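# An overview of the molecular structure
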2 protein chains.
Amino acid sequence: MAEFKTVLSDYSSWFNQQIPAFFPVPEGMEKRAVEAMHYSLAGGGKRLRPFLMTCAAKLFGIEQETVLPAAMSLECLHTYSLIHDDLPAMDNDDLRRGRPTCHKYYDEATAILAGDGLLTYAFEILSCRLNAAATVKTELVGLLAEAAGAFKGMVAGQMLDLTPADNLNTLAAEQLINRIEEMKTGCLIRYACEAGAVLGGADAARRQALITYSRKIGTAFQIADDILDIEGSPELMGKTLGKDQQQNKLTFINLYGLDAAKQMAGRLINEAKQSLQIFGTAAETLSSLADFIIRRSV
Amino acid sequence: MAEFKTVLSDYSSWFNQQIPAFFPVPEGMEKRAVEAMHYSLAGGGKRLRPFLMTCAAKLFGIEQETVLPAAMSLECLHTYSLIHDDLPAMDNDDLRRGRPTCHKYYDEATAILAGDGLLTYAFEILSCRLNAAATVKTELVGLLAEAAGAFKGMVAGQMLDLTPADNLNTLAAEQLINRIEEMKTGCLIRYACEAGAVLGGADAARRQALITYSRKIGTAFQIADDILDIEGSPELMGKTLGKDQQQNKLTFINLYGLDAAKQMAGRLINEAKQSLQIFGTAAETLSSLADFIIRRSV
């Protein structure tokens, strides 16, 4: 685990060094939007999604330099979702990754535009910066848009999460929380893994194995997030904790209780690791990543 | 002119009939975001950008049915920009196309998500619904993202428009207003024309002719908008007028005066029409469209 943490933090440092090359700052006053985009993107984070994509692509011999534009595109899209999610009309958060949220540091209009800019840029990078066949780029654009979209992707998950659901029986609540998780965070984690397979020209069985893996760790990740919201330290997490509890939100813990939720996460991680068998020892990093997801303290 | 108006309104009716096929409504509560996207997209508008793209592609023998996904994608993107532009933190508008704005009809969080959803969907449609070679799709994704983006596209224009610029001399003000116009509205109008050329496999000269045309009508369009903000009827325009004057915004009219602005728009329209000569009589509709831009009463 200690070794895996080093691998992840080495990748994260390398990734952060690549950011400036993607952010030429305009000369005019419009640069404020680009600066806000950069502020939120460069403000930390584990780079888990880019790392996932990089590990998945590596299974097929693709170098991390080749993956980088697709990884940067995904992190741009993820960061846009954080900026808009933090807005006063949404979750109304003041802190993100230990720093003022984008609308707190700049202002609300700039934060809306910075989010819009990052979302748009995610697709520009895929189309213009990625060195891959046009068919690969087109497939990635389609997969990313679907994963992030309003029909069955991230925007749909956000919408569902904002919609009050009172008086649900246990079964309905269980179905709902799984749908929210799947769409809100699961889709992008799935995309990270599937994009690695697409970049690597994976066959159907290997692509499916990575998708199965991503679904298992995606749910485990959300459960771990709910646990950290209760057990984590605000200093280490860099954000306000306990809000879900206070707002009596539908979480895995509110639904199942802390112990059962932890057991569920553990089971999912084991299943995720089993789905990697087709890759043999080549998938060791992805296997450690699965363990890391429920053992991370931040 | 009367004939052109019929051609445009026939296209617009046809376009509106195609919208439902692009908006399957999800079954769960997340459908609220899709309904809000549909509310704003279906809420009227002249469909000028889709029509421009359709006319440009027609010069190369491409049918409007083939262009439709790219045209729908562009209108989704345009509509997202209106939804976010109307938000309280931005222009804070209550009326759009004669109906309550998205955040007034739904709520602010839903409007933010609906805008995000439409922007994302614009790229999904290009990638998944357009029947074209992967190289064409990739080029369109790149051009659209650049035109809509934060570096030199629409988001940059919005940012610049929100940034107060006091004590400018006339030359600086002139440069600034032209940059705002070019980025805020010009880029998407240019994309509409250029995408038609890309879909049609245009040679460099014809593509450039369409780009020149688009730049001329783009500026004329913005001047006409400024004129309508003063001379238009709120009932016909379906939005609050005179706000730019009240807010003492930098507009072509505040800068040059009404008469000089009108002359400038007329000159641009003539230049736009001249740039179409390479197409001969085939470009008659685009030529009428140029005239329409400064003569429209709504």
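Residues numbered from 1 in each chain as written. Chains lettered and ligands numbered in written order. Predicted model: local features only at pLDDT ≥ 70, side-chain atom pairs only at ≥ 80, totals over all residues. Heavy atoms only, no water.

What chain A contains, in helices and strands, is 15 helices and two strands. C-alpha extents for chain A along the principal axes are approximately 50 × 50 × 40 Å. For chain A, with 298 residues in total, the buried portion stands at 58%. Intrachain contacts of chain A at a sequence separation of at least 6 include 72% that bridge at least 24 residues. About 11800 Å² of surface is accessible on chain A, with carbon and sulfur atoms providing 48% of the total. Distance between charge centroids for chain A: 2 Å, based on 29 positive and 36 negative side chains. (Helix = DSSP H or I, 4+ residues; strand = E, 2+ residues; numbered from the N terminus. Buried < 20%, exposed > 50% of the residue type's maximum accessible area, 1.4 Å probe, protein only. Contact = heavy atoms within 4.5 Å. Areas by Shrake-Rupley, 256 points an atom, 1.4 Å probe, with all protein chains shown as cover. Lys, Arg positive; Asp, Glu negative; His and termini not counted. Charge placed at Lys NZ, Arg CZ, Asp CG, Glu CD.)

Attention shifts here to the relation of the copies chain B and chain A. Laying chain B over chain A is done by rotating through 180 degrees and shifting 0.0 Å along the axis; what remains is an RMSD of 0.0 Å. What the superposition gives is, in effect, a two-fold axis relating one chain to the other. The position closest to the rotation axis in chain B is occupied by the C-alpha of B:Ala134, lying 2.7 Å away. Looking at the interface residues of chain B, 100% of them are also at the interface in chain A, so both copies use one shared face. (Least-squares fit on C-alpha atoms with pLDDT ≥ 70 in both.)

Across all of its chains, the model carries 35 salt bridges over all chains by this definition. The partner of B:Arg32 in a salt bridge is B:Asp107, with the nearest N and O atoms 2.6 Å apart. Here B:Asp107 lies in the loop between helix 5 (102-105) and helix 6 (108-128) and B:Arg32 lies in helix 2 (residues 31-41), a separation of 75 residues in the sequence. Judged by relative accessible area, B:Asp107 falls into the partly exposed class, the value being 28%. Bridged by salt links that share partners, the residues A:Glu139, A:Arg190, A:Glu194 and A:Arg207 form one connected network. (Salt bridge = Lys/Arg side-chain N within 4 Å of Asp/Glu carboxyl O.)

It is worth spelling out the interface of chain B and chain A at this point. Residue-level contacts link 51 residues of chain B with 51 residues of chain A. The largest share of the area that chain B buries against chain A comes from B:Glu30, B:Phe151 and B:Met159, three residues that together contribute 19% of it. Between the two partners, chain B and chain A, sit two salt bridges. Residue A:Arg179 pairs with B:Glu30 through a salt bridge whose shortest N-O separation is 2.4 Å. Those elements that provide at least two residues to the side of chain B that touches chain A are helix 2, helix 4 (64-86), helix 6, helix 7 (134-148), helix 8 (154-162) and helix 9 (170-199) of chain B. (Buried area = accessible area lost by both parts, 1.4 Å probe.)

So, on to the nonpolar core. Within the largest apolar cluster, 197 residues are counted, with the highest numbers of intra-cluster contacts made by A:Phe23 and B:Phe23. Apart from the residues within four sequence positions on either side, B:Phe23 is in contact with A:Phe151, B:Val34, B:Met37, B:His38, B:Leu41, B:Cys76, B:Leu118 and B:Tyr121. (Core = buried A, V, L, I, M, F, W, Y, C linked by side-chain atoms within 4.5 Å.)

The subject of this paragraph is helix 7 (residues 134-148) of chain A. All names here are of chain A. With 15 residues, helix 7 extends 21 Å from end C-alpha to end C-alpha; this agrees with the ideal 21 Å at 1.5 Å per step. Among the 15 residues of helix 7, 12 are classified as buried, and the element is accordingly described as predominantly covered. Among the residues making up helix 7, those that are buried are Ala 134, Val 136, Lys 137, Thr 138, Leu 140, Val 141, Gly 142, Leu 143, Leu 144, Ala 145, Ala 147 and Ala 148. (Expected span 1.5 Å × (residues − 1).)

Next up on the list: the environment of B:Phe23. Within the secondary structure layout, B:Phe23 lies in the loop between helix 1 (2-18) and helix 2. Owing to a relative accessible area of 5%, B:Phe23 belongs among the buried residues under this scheme.

We now examine the packing of helix 1 of chain B against helix 3 (residues 48-58) of chain B. All names here are of chain B. The contact between helix 1 and helix 3 brings their axes to 10 Å, and the two run at 105 degrees. In this view, helix 1 runs roughly perpendicular relative to helix 3, as classed from their interaxial angle. Taken together, the residues of helix 3 that come into contact with helix 1 (itself represented by Phe 4, Val 7, Leu 8, Tyr 11 and Phe 15) are Leu 48, Pro 50, Phe 51 and Thr 54. Within the contact of helix 1 with helix 3, the residues separate by chemical class into eight nonpolar, one polar and no charged. (Axes fitted to C-alpha atoms, helices over the stretch in contact; angles between N-to-C directions. Parallel < 35°, antiparallel > 145°, perpendicular 65-115°, else oblique. Nonpolar A, V, L, I, M, F, W, Y, C, P; charged D, E, K, R; others polar.)

Residue and element names in this part refer to chain B. Put simply, helix 14 (residues 258-274) and helix 15 (residues 284-295) touch, their axes get as near as 9 Å, and they point 170 degrees apart. Here helix 15 runs roughly antiparallel to helix 14, going by the angle between their axes. Along the contact surface, helix 14 presents Ala 265, Gly 266, Ile 269 and Lys 273, while helix 15 presents Ser 287, Ala 290, Asp 291, Ile 293 and Ile 294. Looking at side-chain class alone, the contact of helix 14 with helix 15 contains five nonpolar, two polar and two charged residues.

Residues and elements named next belong to chain A. Counting through the fold element by element, Glu 194 comes out in helix 9 (residues 170-199). Its relative accessible area of 6% is what places Glu 194 among the buried residues. Excluding anything up to four places from it in sequence, Glu 194 contacts Leu 143, Arg 207 and Ile 211.

Residues and elements named next belong to chain A. Tracing the backbone shows His 78 in helix 4 (residues 64-86). Side-chain polar atoms of His 78 contact the side chain of Arg 49, separated by 3.3 Å. Ignoring anything within four residues of it in the chain, the contact list for His 78 reads Arg 49, Arg 97 and Leu 188. (Polar contact = N/O pair within 3.5 Å; in protein donor to acceptor, adjacent residues only side chain to side chain.)

In total, this model carries 27 aromatic pairs over all chains according to the counting rule given. Ring geometry for A:Phe252 versus A:Tyr256: centroids 6.4 Å apart, planes at 20 degrees, classification stacked. Taken together, the residues span about one helical turn, with A:Phe252 and A:Tyr256 both in helix 13 (residues 252-256) at a distance of four residues. Given the relative accessible area of 1%, A:Phe252 is considered buried. Under the relative-accessibility criterion, A:Tyr256 is labelled partly exposed at 24%. Geometrically, the ring pair formed by B:Phe4 and B:Phe292 is tilted, given 5.3 Å between the ring centres and 50 degrees between the ring planes. One end of the pair, B:Phe4, is in helix 1; the other, B:Phe292, is in helix 15, and 288 residues separate them in sequence. Since its relative accessible area comes to 4%, B:Phe4 is described here as buried. (Phe/Tyr/Trp six-rings, centres within 6.5 Å; stacked < 30°, edge-to-face > 60°.)

Moving on: helix 15 (residues 284-295) of chain A. Residues and elements named next belong to chain A. Here helix 15 contains 12 residues, and its C-alpha end-to-end distance of 17 Å stays within 8% of the 16 Å for a straight helix at 1.5 Å per residue. For helix 15, the complete set of buried residues consists of Leu 286, Leu 289, Ala 290, Asp 291, Phe 292 and Ile 293. Where the residues of helix 15 are buried, they touch helix 1 (2-18), helix 3 (48-58), helix 10 (204-231) and helix 14 (258-274).

Another point: the confidence of the model for chain A. Mean pLDDT over chain A: 92, with 94% of residues reaching 70 or higher. We note a pTM of 0.95 for the whole complex and an ipTM of 0.94 for its interfaces. (pLDDT = per-residue confidence, 0-100.)

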